[in-house]
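The chain contents come next:
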Amino acid sequence: MEIAGLVPLVGENYALKLKQSMQNLLAEIPKESSDFSLFVDAFHELMEAKVDPPFEVIWVYAAINFRSRNLEKGDALDRILAAKDLFQMLSACSASIGASKSIALLAPVVFVVHRVLLELFGSELGLKREKKAMREVKSLVDTVLGYISVCCSKISEEETDSVSLNLILPFPDLARVWVDTVDGFESLLPLVSHDVCGWLSTRDFHVGYLAGAVIMEAFLLKLCMSLHLAKPRDELEMNMKSWAVGSISSFQNIYFLEIIMRAALATPLPLISILKPEDEILLRKVLFDALLLAEYPFLYLNAKYIKSIILTRLIVTHKAVEYFRGLGDQNRAVSYTRSFSASRIPLQITKWVTSQNYLEEKAGRANGSSPGALINWLLSLEGRGIRVFEDDILKSHAKLGLDISQTKQPADNLEHKTEDDDLFYVDNIGEEGNTEKEDEQNEMISDAFVAAAQTMKLTDSGIRKRKGKSNEKKIKFVKYDLHENSDPVKAGTSAANDSSSGESEVEDPASDSDA
């Protein structure tokens with residue numbers, strides 16, 4: 001029998017100790033009365049043996065300590081205060097393990113916050129402790145988002161070392177440590193849809209994707225809490241939209257961006273459990289506007305993942321167009337189509353498909369660059385045995401979302417002018433001088449979409465390059481009006497003023513104090 005402390009926990013000995021301890025722990029979970037206290041000493045040793053313990057060690061050590069507190073008997077305030085303690089411990093232990101892993105470790109914190117919100121939103125908040133619990137929830141969500149923002153600023157530094165982003169155990173096994181149910185992974189990520197969880201499971205050793213899911217959950221919780229503020233709906237929508245665009249631009253996280261786009265495909269949205277039915281439409285407006293009417297340059301910086309992200313953007317755009325067309329919001333549907341057709345995405349998709357599959361340009365060219373036309377073309381290529389979509393989940397959404405009868409949009413629909421379509425641009429590169437790219441793109445677009453694209457061209461006052469500044473996080477708003485008779489965006493609610501000194505000012509939609 002090995003005597004603890006006589007064998008130094010370094011190198012191969014450490015790896016063997018960790019592997020054996022994890023196997024024993026996972027074997028204990030299915031038992032009717034699992035006893036995690038048996039593993040406290042083992043994982044405490046593993047924590048103490050390294051200045052920078054592996055992700056899995058911190059994850060399990062935190063779970064053992066947190067679950068031993070038996071908080072199920074406490075009220076909402078007890079649980080949210082425990083979640084704050086958990087956050088403090090996880091953030092303190094993860095200082096040296098990498099930015100993505102530091103964010104991913106927060107999954108159980110967000111899990112607890114969601115459960116507390118479920119309880120609080122279902123009550124009248126009449127008790128003093130319930131009101132205090134809600135204030136603590138808001139404070140913790142803001143703290144988590146601030147921590148995530150700091151971590152995101154460091155993620156690009158670790159992307160060059162892909163090995164550092166790999167985990168020892170797959171996501172489902174890690175989830176079982178916190179949620180000992182059959183669908184532990186989905187339960188641990190309650191704001192992530194079934195389809196997205198399935199897709200994430202195929203990337204179960206890449207911590208970047210788990211981190212992206214955690215960012216999305218914190219992002220959605222913030223928006224959801226904003227819906228409970230006592231503000232006029234138009235003002236609330238604009239503030240939420242400004243915050244959403246500013247946050248996406250600040251995070252600059254490709255995993256988060258792809259995951260939230262995939263999440264937007266779900267019907268209903270995964271957070272319907274804490275939303276009023278009428279709030280889902282407003283939240284979809286905020287999400288789709290932030291995702292589809294903004295151009296985020298960081299999206300194009302990672303060549304390894306850009307194809308998957310842009311194909312996802314294509315499917316989401318079509319989903320959004322059909323969703324709002326079904327609600328009778330034709331202005332918004334046209335805005336999404338115009339924004340997509342005027343972007344570089346249609347040309348990029350066409351070039352990828354034709355060059356990678358050795359198709360002649362004319363034979364491979366899509367008939368139009370509307371989302372529906374491109375999806376129809378890509379699916380026809382798949383029918384010919386040409387692999388376009390990288391995963392079956394995205395391909396399934398493409399098939400389900402496509403209505404062949406609406407693939408070719410009437411030209412008068414596209415040329416119909418809305419006085420102001422609410423369009424956002426991220427201003428980190430000069431947009432003037434791109435006429436060659438625009439001309440090349442327009443060659444790929446049908447006459448109707450050329451007309452639509454022309455309406456999207458920005459004047460010099462709309463977007464201009466500032467001398468000596470190239471701030472990737474700056475956001476420029478071109479004022480269009482998706483809501484009839486609505487007021488234009490006020491300077492105080494936009495993400496950045498044109499006359500600003502370079503700082504991004506995003507109003508916090510949940511900053512109001514409780515009554």
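This structure is a prediction, so every number in the text was calculated from the model and none was measured.

Peer 1: Would you mind going over the packing of helix α14 (residues 277–292) against helix α16 (residues 330–342) in detail, with residue names and values included?
Peer 2: The contact between α14 and α16 brings their axes to 10 Å, and the two run at 20°. Compared by their axis directions, α14 and α16 come out roughly parallel. Where α14 crosses over α16, the two elements pack in a sense that is left-handed. On the side of α14, the interface is formed by Lys 285, Phe 288, Asp 289 and Leu 292, while α16 contributes Arg 332, Tyr 336 and Ser 339.

Peer 1: Account for unusual backbone geometry, naming residues and giving values.
Peer 2: For the bond running from Thr 267 to Pro 268, omega is -5°, close enough to zero to count as cis. Here Pro 268 is to be found in the loop between α13 (254–263) and α14. Of note in the backbone geometry, Gln 252 takes a positive phi value of approximately 50° without being a glycine. Locating Gln 252 in the fold gives a position in the loop between α12 (233–251) and α13.

Peer 1: An account of the pattern of salt bridges is needed here, citing residue identities and associated values.
Peer 2: Per the counting criterion, the structure on display carries 20 salt bridges. A salt bridge links Asp 78 to Arg 129, with the shortest nitrogen-to-oxygen separation between them at 3.3 Å. Taken together, the residues Asp 78 in helix α4 (residues 76–93) and Arg 129 in helix α7 (residues 128–158) connect sequence positions 51 residues apart. Look at Asp 78 and you get partly exposed, because its relative accessible area is 34%. Overall, the relative accessible area of 42% leaves Arg 129 in the partly exposed class. Among the charged side chains, a salt-bridge network with shared partners connects Glu 237, Lys 241, Asp 289, Asp 329 and Arg 332.

Peer 1: Could you give me a rundown of the nonpolar core, with the residues and numbers involved?
Peer 2: Ranked by size, the top nonpolar core spans 157 residues in total, and within it Phe 43, Phe 55, Trp 59, Leu 200 and Phe 219 carry the most contacts. Ranked by the residues each element gives to this core, the list is headed by helix α11 (residues 207–226), at 15 residues. Those residues within four positions of Phe 55 in sequence are excluded, and the remaining contacts are Ile 97, Lys 101, Ala 104, Leu 105, Leu 167, Leu 174, Val 207 and Leu 210.

Peer 1: Describe the side chain of Ser 91, and please don't skip the residues or the numbers.
Peer 2: With respect to the element layout, Ser 91 can be found in helix α4. Judged by its relative accessible area of 16%, Ser 91 is buried. Among the polar contacts listed, one links the side chain of Ser 91 to the backbone oxygen of Phe 87, at a separation of 2.9 Å. Of note is the side chain of Ser 91, whose polar atom sits 3.1 Å from the backbone oxygen of Gln 88.

Peer 1: Explain the packing of aromatic side chains to me, using residue names and the numbers behind them.
Peer 2: Enumeration according to the criterion identifies 18 aromatic pairs in this entry. Arranged with centres 5.3 Å apart and planes meeting at 65°, the rings of Phe 219 and Phe 256 form a pair that is edge-to-face. Pair noted here: Phe 219 is in helix α11 and Phe 256 is in helix α13, with a separation of 37 residues, a long-range link. The exposure class of Phe 219 is buried, given its relative accessible area of 0%. Owing to a relative accessible area of 0%, Phe 256 belongs among the buried residues under this scheme. Ring pairing ties together the aromatic residues Phe 55, Trp 59, Phe 66 and Trp 178, which thus form one cluster. A cation sits over an aromatic face here: Arg 203 above Tyr 209, 5.3 Å from the ring centre.

Peer 1: Any details on the environment of Lys 101? Residues and values, ideally.
Peer 2: Along the polypeptide, Lys 101 turns up in helix α5 (residues 99–104). C-alpha of Lys 101 to C-alpha of Asn 166: the two residues are 65 residues apart in sequence and 9.5 Å apart in space.

Peer 1: Tell me what's going on with helix α1 (residues 11–28), and back it up with residues and numbers.
Peer 2: Compared with an ideal rise of 1.5 Å per residue, which puts 18 residues at 26 Å, α1 spans 26 Å between its outermost C-alpha atoms and is within 8% of the ideal. All of the buried residues along α1 are Tyr 14, Leu 18, Ser 21, Met 22, Leu 25, Leu 26 and Glu 28. The arc enclosing the buried residues of α1, seen along the axis, measures out at 150°, which places them on a common side. When the buried face of α1 is taken as reference, the exposed residues oriented beyond 90 degrees from it are Glu 12 and Lys 19. For α1, the secondary structure elements touched by its buried residues are α2 (40–48), α3 (55–67) and α8 (171–178).

Peer 1: Please provide a residue-by-residue account of the confidence of the model for the protein chain, values included.
Peer 2: Averaged over every residue, the pLDDT of the protein chain is 76; residues scoring 70 or more account for 72%. Here residues 404–515 is modelled with pLDDT under 50, and outside its nearest four sequence neighbours on either side it reaches 210 contacts, counting other chains as well.

Peer 1: Give me the lowdown on the environment of Ala 263, citing residues and values where you can.
Peer 2: In this fold, Ala 263 is placed in helix α13. For Ala 263, a relative accessible area of 4% translates into the label buried. The spatial distance from the C-alpha of Ala 263 to the C-alpha of Asp 195 is 8.3 Å, given a sequence separation of 68 residues. Excluding anything up to four places from it in sequence, Ala 263 contacts Val 196, Met 216, Leu 269 and Pro 270.

Peer 1: Help me get a handle on the environment of Val 196, residues and values and all.
Peer 2: Tracing the backbone through its elements, the reader meets Val 196 in helix α10 (residues 194–201). Separated by 198 residues in sequence, Val 196 and Leu 394 place their C-alpha atoms 9.7 Å apart. Residues within four places of Val 196 in sequence aside, it is in contact with Ile 259, Arg 262 and Ala 263.

Peer 1: Go over the packing of α11 against α13, please, and point to the residues and values.
Peer 2: The relative placement of two packed helices is expressed as an angle between their axes plus a distance between the axes. Between α11 and α13, the least distance of the axes is 8 Å, while the angle of their chain directions is 60°. Looking at the two axes, α11 sits oblique to α13. α13 is crossed by α11, and the crossing has right-handed handedness. Contacts between α11 and α13 involve Gly 208, Tyr 209, Gly 212, Ala 213, Ile 215, Met 216, Phe 219 and Leu 220 from the first element and Tyr 255, Phe 256, Ile 259, Ile 260 and Ala 263 from the second.

The rules we used
- Residues numbered from 1 in each chain as written.
- Predicted model: local features only at pLDDT ≥ 70, side-chain atom pairs only at ≥ 80, totals over all residues.
- Heavy atoms only, no water.
- Axes fitted to C-alpha atoms, helices over the stretch in contact; angles between N-to-C directions.
- Helix = DSSP H or I, 4+ residues; strand = E, 2+ residues; numbered from the N terminus.
- Parallel < 35°, antiparallel > 145°, perpendicular 65-115°, else oblique.
- Left-handed = near helix turned anticlockwise from the far one by under 90°.
- Contact = heavy atoms within 4.5 Å.
- Salt bridge = Lys/Arg side-chain N within 4 Å of Asp/Glu carboxyl O.
- Buried < 20%, exposed > 50% of the residue type's maximum accessible area, 1.4 Å probe, protein only.
- Core = buried A, V, L, I, M, F, W, Y, C linked by side-chain atoms within 4.5 Å.
- Polar contact = N/O pair within 3.5 Å; in protein donor to acceptor, adjacent residues only side chain to side chain.
- Phe/Tyr/Trp six-rings, centres within 6.5 Å; stacked < 30°, edge-to-face > 60°.
- Lys NZ or Arg CZ within 6 Å of the ring centre and 35° of its normal.
- Expected span 1.5 Å × (residues − 1).
- Arc of directions from axis to C-beta.
- pLDDT = per-residue confidence, 0-100.

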